[in-house]
Amino acid sequence: MKRIMVTGALGQIGSDLVTVLRQSYGTDAVLATDIRLTDHEVAKSGPFQVLDVTDGAAFYQAAHDFRADAIIHLAALLSAKAEADPILAWQLNMGGLLNGLETARTLASQFFTPSSIAAFGATTPRQGTPQDTLQRPATIYGVSKVSGELLCDYYFHKYGVDTRGLRFPGLISHSAPPGGGTTDYAVDMYWSAVHSGSYASYIAQGTYLDMMYMPDAIRAIIQLMEADGSKLKHRNAFNVTAMSVDPEAIAASIRRHVPEFVLRYEIDPVRQRIAEEWPDSIDTSSAREEWGFDVQYDLDRMTDDMISKLTQKLREDRAKIG
């Protein structure tokens, strides 16, 4: 990758990814785009453009003018928000993806887009979920992710587009607030632990879901994009994860820093139903064997960093007010 365009750059993944990419490849080599313009550091620290990814002509023009040789397409509506507006979810998640793939095909650009454990369903094996398995999701977000995986494969086989992707678990980050995903309860929990010392989880005790700390997710994206394509047996939607946890496990880890932290439950039936259709733990052997995937953060190391960073942010915010 030499000149990289990122869509959805102000979102949870994009906020961290653009920063790391600019440090690695050069500030002027990374164009951040999003549908809105804010005072976010990503929009101020390097090339930025407002872009609606459902506008195919605008998508192509932005990539063409920037001379992008790699497109990292992150713009999407996440699981809980997608269930609230399935028509918008399909138009954005699939329409935007198709525009990105067409742009990559026309410009001969490398193309990355993330999939999700939402691509699985209630009939998928829950333990050690294989790379290749039955995928029958019951949410519009999951349906769009399965369709996206297949569409990316199609563009590789039909047109030779260098498509690549990761099937992400829940991603935890201190840089951006939760974005409407089912697994975002974990991010909420850390923020609440630092700000108020208590949290009401909308996911039930004993509901295990795969999670991953954002620095590991960012490393995985770059590692896959820089991997030798001739060694990839799979190109899209590699299973990746770092840990399988439930709310109680995260709370126990938090209490090493905030002993008085209180966890209670106010179950959201919609998000709980979604969570129960997803795997407890997924198998990452294909990613490890084909391009050397690994992680640096387990639950406690992630918690140590999250609490440290969020506590520092809280102090800075209070200093500004005071």
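Nothing here was measured: the structure is a model prediction, and the numbers come from that model.

Cut-offs and rules
- Residues numbered from 1 in each chain as written.
- Predicted model: local features only at pLDDT ≥ 70, side-chain atom pairs only at ≥ 80, totals over all residues.
- Heavy atoms only, no water.
- Axes fitted to C-alpha atoms, helices over the stretch in contact; angles between N-to-C directions.
- Helix = DSSP H or I, 4+ residues; strand = E, 2+ residues; numbered from the N terminus.
- Parallel < 35°, antiparallel > 145°, perpendicular 65-115°, else oblique.
- Left-handed = near helix turned anticlockwise from the far one by under 90°.
- Contact = heavy atoms within 4.5 Å.
- Nonpolar A, V, L, I, M, F, W, Y, C, P; charged D, E, K, R; others polar.
- Core = buried A, V, L, I, M, F, W, Y, C linked by side-chain atoms within 4.5 Å.
- Buried < 20%, exposed > 50% of the residue type's maximum accessible area, 1.4 Å probe, protein only.
- Domains from an automatic or database assignment.
- Phe/Tyr/Trp six-rings, centres within 6.5 Å; stacked < 30°, edge-to-face > 60°.
- Lys NZ or Arg CZ within 6 Å of the ring centre and 35° of its normal.
- 1 Å grid on protein atoms, 1.4 Å probe; cavity = no way out; pocket = protein on both sides within 12 Å on 5 of 7 lines; lining within 4 Å.
- Points joined across faces, edges and corners; volume = space filled by probe spheres on them.
- Salt bridge = Lys/Arg side-chain N within 4 Å of Asp/Glu carboxyl O.
- Buried area = accessible area lost by both parts, 1.4 Å probe.
- Polar contact = N/O pair within 3.5 Å; in protein donor to acceptor, adjacent residues only side chain to side chain.

(A) Spotlight on the packing of helix H1 (residues 12-25) against helix H8 (residues 214-226). Between H1 and H8, whose axes approach to 10 Å, the crossing angle comes to 55°. When the interaxial angle is binned, H1 and H8 end up oblique. Classified by chirality, the crossing of H8 by H1 is right-handed. Side by side, H1 and H8 meet where Gln 12, Ile 13, Asp 16, Leu 17, Val 20, Leu 21 and Tyr 25 of the first sit next to Met 214, Ile 218, Ile 221, Ile 222 and Glu 226 of the second. Counted by class, the contact of H1 with H8 contains nine nonpolar, one polar and two charged residues.

(B) Geometry of the nonpolar core. Of all hydrophobic cores here, the largest spans 61 residues; its most connected members are Ile 172, Tyr 185, Met 189, Tyr 190, Ile 250, Phe 261 and Met 302. Counting residues per element, this core draws most heavily on helix H7 (residues 185-195), which supplies seven residues. The two domains that each donate at least three residues to this core are domain 1 (4-170 + 212-239) and domain 2 (174-210 + 242-279 + 297-320). When sequence neighbours within four positions are dropped, the list of residues in contact with Met 189 reads Tyr 199, Pro 247, Ile 250, Ala 251, Ile 254, Phe 261 and Leu 263. Counting 37 residues, the second largest nonpolar core, distinct from the first, contains Leu 17, Ala 32, Met 214 and Ile 222.

(C) Geometry of the packing of aromatic side chains. The tally for this structure, following the rule as stated, stands at seven aromatic pairs. Taken together, a centroid distance of 5.8 Å and an interplanar angle of 80° make the contact between Phe 238 and Trp 291 edge-to-face. On the criterion of sequence distance, the pair formed by Phe 238 in strand E12 (residues 238-239) and Trp 291 in helix H11 (residues 285-291) is long-range, its members being 53 residues apart. Pair check on accessibility: Phe 238 and Trp 291 agree, each one buried. Taken together through their ring pairs, the aromatic side chains of Tyr 154, Tyr 155 and Tyr 159 make up a single cluster. If you follow Arg 3 out to its NZ or CZ, it ends over the ring of Phe 66, 4.1 Å from the centre. If you follow Arg 301 out to its NZ or CZ, it ends over the ring of Tyr 297, 4.4 Å from the centre.

(D) Spatial organisation of the side chain of Asp 34. Within the secondary structure layout, Asp 34 lies in strand E2 (residues 30-34). Asp 34 has contacts with Gly 8, Ala 9, Leu 10, Gly 11, Phe 48, Gln 49, Val 50 and Leu 51, leaving out every residue within four places of it along the chain.

(E) Quick look at empty space enclosed by the protein. This model, assessed by the stated rule, comprises one cavity of 30 Å³ or more. Put simply, the largest cavity is a space of about 150 Å³. Contributing to the lining of the largest cavity are 19 residues, with Leu 97, Thr 113, Pro 114, Lys 145 and Gly 148 lying nearest its centre. At the level of elements, helix H5 (86-107) and helix H6 (140-159) are the ones that each hand at least two residues to the lining of the largest cavity. Broken down by element, the lining of the largest cavity gets its largest block of residues, five residues, from H6. Of the residues that constitute the lining of the largest cavity, the class distribution is eight nonpolar, eight polar and three charged.

(F) Spatial organisation of the pattern of salt bridges. For the coordinates displayed, the defined rule picks out 15 salt bridges. With a shortest N-O distance of 3.1 Å, Asp 294 and Arg 219 are connected by a salt bridge. In this pair, Asp 294 is assigned in the loop between H11 and helix H12 (299-321) and Arg 219 in helix H8, connecting sequence segments 75 residues apart. Residue Asp 294 is classed as partly exposed on the basis of its relative accessible area of 32%. Among the ionic pairs, Arg 264 bridges to Glu 266, the shortest N-O distance being 3.8 Å. Salt bridges sharing common partners tie together Glu 83, Arg 273 and Glu 277.

(G) Quick peek at unusual backbone geometry. The phi angle at Arg 67 is positive, at roughly 60°, despite the residue not being glycine. Along the chain, Arg 67 turns up in the loop between helix H3 (56-66) and strand E4 (70-73). For Ala 108, which is not a glycine, the phi torsion comes out positive at approximately 55°.

(H) The domain arrangement of the chain, seen in detail. For the chain, the assigned domains read domain 1 (4-170 + 212-239) and domain 2 (174-210 + 242-279 + 297-320). For domain 1 and domain 2, the distance between their C-alpha centroids amounts to 25 Å. Every contact between the two is made by 25 residues of domain 1 and, on the other side, 24 residues of domain 2. Between domain 1 and domain 2 the total buried area reaches about 2,200 Å² when both faces are included, carbon and sulfur atoms providing 58% of it. The shortest N-O distance in the salt bridge between Glu 83 and Arg 273 comes to 3.7 Å. Where domain 1 meets domain 2, there are seven residue pairs in polar contact (both at pLDDT 80 or more). Elements represented by at least two residues in the side of domain 1 that touches domain 2 include exactly H1, helix H4 (79-84), strand E11 (209-213) and H8. No other element matches H4, which puts four residues into the side of domain 1 that touches domain 2. Class assignment of the residues belonging to the side of domain 1 that touches domain 2 gives a composition of twelve nonpolar, eight polar and five charged.

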